[in-house]
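# Chains, contacts and geometry: an overview
Each chain, letter by letter, is given below.
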Amino acid sequence: MGWEKRVRRVVPYVPGEQPKESGIIKLNTNENPYPPSGAVRIAMDAINEGKLRLYPDPAASELVGAIAEVYGLSEKEVFVGVGSDDVLAMAFMTFFHSGEPILFPDITYSFYDVWADLLRIPYEKQPLDGDFHIDPEDYKKPNGGIVFPNPNAPTGAFLPLQYVEEIVAANPDSVVIVDEAYVDFGGESALPLIRKYDNLMIAQTFSKSRSLAGLRIGFAMGNEKLIAYLNDVKYSFNSYTMNRPAIALASAAVRDEGHFEECCRKIIATREKAQEDFRTLGFRLEDSCANFVFVTHPDADAETIFNYLKSRKIYVRWFNKPRIRNYLRITIGTDGEMEHLMTVLAECPGIAERLSGREQDGIRTE
Ligand code: PMP
């Protein structure tokens, strides 16, 4: 077993469960409850399987061009990858290469420290405040790079653009990556800033607002030089990251702006109603700008609720981690799914007693 000492050992990221059973309500991995654009079906029918014997376009120009057009950019300002996970991993490899610690929040997307460990990048976590907000002052110290999601995950908290700009402006000597996986659900993109600051990279994904988690499409936007460096690393690792069907289907999806806007509007409306319903059930939560909410309950611990919901075939996400062990991250589903969730939660041990106590109080005071 001598070879084992030469192994690159890592503690891997653990994605949310993808249960095989049927009849469940799946609110654990922030997928979109609605199908993708109808244009995807048409593009799927048009796929020429005869061409699958040929390698795809290494530059994925069709998709890069479609994204550039929709976002008003030049093709040289866009990079695409196999989900934003791939884009972010490439970006860590490309931009975080100084030996100085990179900075990210202590409560955030749990892939960041995994990539940093994998790539041997030193890092320093910056604690969020008591309400789980980022303090821009924490990002004005020497560093080898900065990354944070906006809105943040799993909290759903949005950092207003003026603060994002403050962080980018304070760090001209390192790259700042803003991970906008959830920005379409009520945040504001920092995209206009990429022409003002050459150290800003924005990552987005088709997995959430475009209902294409199964296709694995993500993209980065930034100034030409920054995107060129990303491409150099990608071509040194795997030239053909994007397969032919993915390029064709994602290009069709991104052009259908009407479907995209309608889907986001529906999810935002469902989220606003769900937030009220959670509060009625006694949950505590901050307003979310994402397609999920982050909730805690004073009378029922999160692990108990998590297991109870699972026993009722509803999957949500519980992170067994410091500071957030008593919280659940719950994806916004359809109106019907959220109504069912609320009915089931009202019967959950702890929550049910609180509700019946409140009713009795009501009777006594009448
Ligand atoms: N960033 C954040 C903050 C996320 O929550 C996710 C979803 N797990 C991703 C990036 C990656 O998403 P994808 O690879 O599906 O684009």
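Parameters and conventions
Residues numbered from 1 in each chain as written. Predicted model: local features only at pLDDT ≥ 70, side-chain atom pairs only at ≥ 80, totals over all residues. Heavy atoms only, no water. Near = heavy atom within 4 Å. Polar contact = N/O pair within 3.5 Å; in protein donor to acceptor, adjacent residues only side chain to side chain. Helix = DSSP H or I, 4+ residues; strand = E, 2+ residues; numbered from the N terminus. Nonpolar A, V, L, I, M, F, W, Y, C, P; charged D, E, K, R; others polar. Phe/Tyr/Trp six-rings, centres within 6.5 Å; stacked < 30°, edge-to-face > 60°. Buried < 20%, exposed > 50% of the residue type's maximum accessible area, 1.4 Å probe, protein only. Core = buried A, V, L, I, M, F, W, Y, C linked by side-chain atoms within 4.5 Å. Contact = heavy atoms within 4.5 Å. Salt bridge = Lys/Arg side-chain N within 4 Å of Asp/Glu carboxyl O. Axes fitted to C-alpha atoms, helices over the stretch in contact; angles between N-to-C directions. Parallel < 35°, antiparallel > 145°, perpendicular 65-115°, else oblique.

## Remarks on the site of the ligand
Taken together, the neighbourhood of the ligand is formed by 14 residues, with Ser-84, Asp-179, Tyr-182, Thr-205 and Ser-207 sitting nearest. Between the ligand and Ser-84, the relevant distance is 2.6 Å, taken from an oxygen atom to a main-chain nitrogen or oxygen of the residue. Measuring from an oxygen atom of the ligand, one finds a side-chain N or O atom of Arg-216 at 2.8 Å. Ranked by residues supplied to the shell around the ligand, first place goes to helix H3 (residues 83-95) with 4 residues. In the shell around the ligand, the residues fall into 6 nonpolar, 4 polar and 4 charged.

## A word on the packing of aromatic side chains
When we look at a pair of aromatic rings, we describe it by the centre distance and by the angle of the planes. If you walk through the whole model with that rule in mind, you get 22 aromatic pairs. Considering the side-chain rings of Phe-278 and Phe-283, the 5.4 Å spacing of their centres and the 85 degrees angle between planes classify their relative orientation as edge-to-face. Judged by relative accessible area, Phe-278 falls into the buried class, the value being 0%. Accessibility expressed as a relative area gives 4% for Phe-283, which makes it buried.

## With respect to the nonpolar core
Soluble globular proteins: nonpolar side chains tend toward being buried together. By size, the foremost hydrophobic cluster in this structure holds 51 residues, and its most contacted members are Leu-63, Ile-67, Val-80, Phe-148, Leu-200 and Phe-206. Considering every element that reaches this core, the biggest residue donor is helix H7 (residues 244-255), with 7 residues. Residues in contact with Ile-67, not counting those within four places in the same chain, are Val-78, Val-80, Phe-206, Phe-219 and Val-254. Counting residues in hydrophobic clusters, the runner-up holds 40 residues, among them Leu-281, Phe-283, Met-342 and Val-344.

## Comments concerning the pattern of salt bridges
Under the criterion given, the structure shown has 17 salt bridges. Between Asp-85 and Arg-216 there is a salt bridge, and its shortest N-O distance comes to 3.9 Å. A residue pair is termed long-range when its members are at least 10 positions apart, and Asp-85 in helix H3 and Arg-216 in the loop between strand E7 (200-205) and strand E8 (218-221) qualify at 131 residues. With a relative accessible area of 22%, Asp-85 lands in the partly exposed category.

## So, the packing of H3 against helix H6 (residues 224-235)
Between two packed helices, what matters for the description is the angle formed by their axes and the separation of those axes. One way to put it is that H3 packs onto H6 with a least axis distance of 9 Å and a crossing angle of 100 degrees. As far as their axial angle goes, H6 and H3 are roughly perpendicular. Along its contact with H3, which presents Met-90, Ala-91, Met-93, Thr-94 and Phe-95, the element H6 presents Leu-226, Tyr-229, Leu-230, Val-233 and Lys-234. Its residues assigned to classes, the contact of H3 with H6 shows 8 nonpolar, 1 polar and 1 charged.

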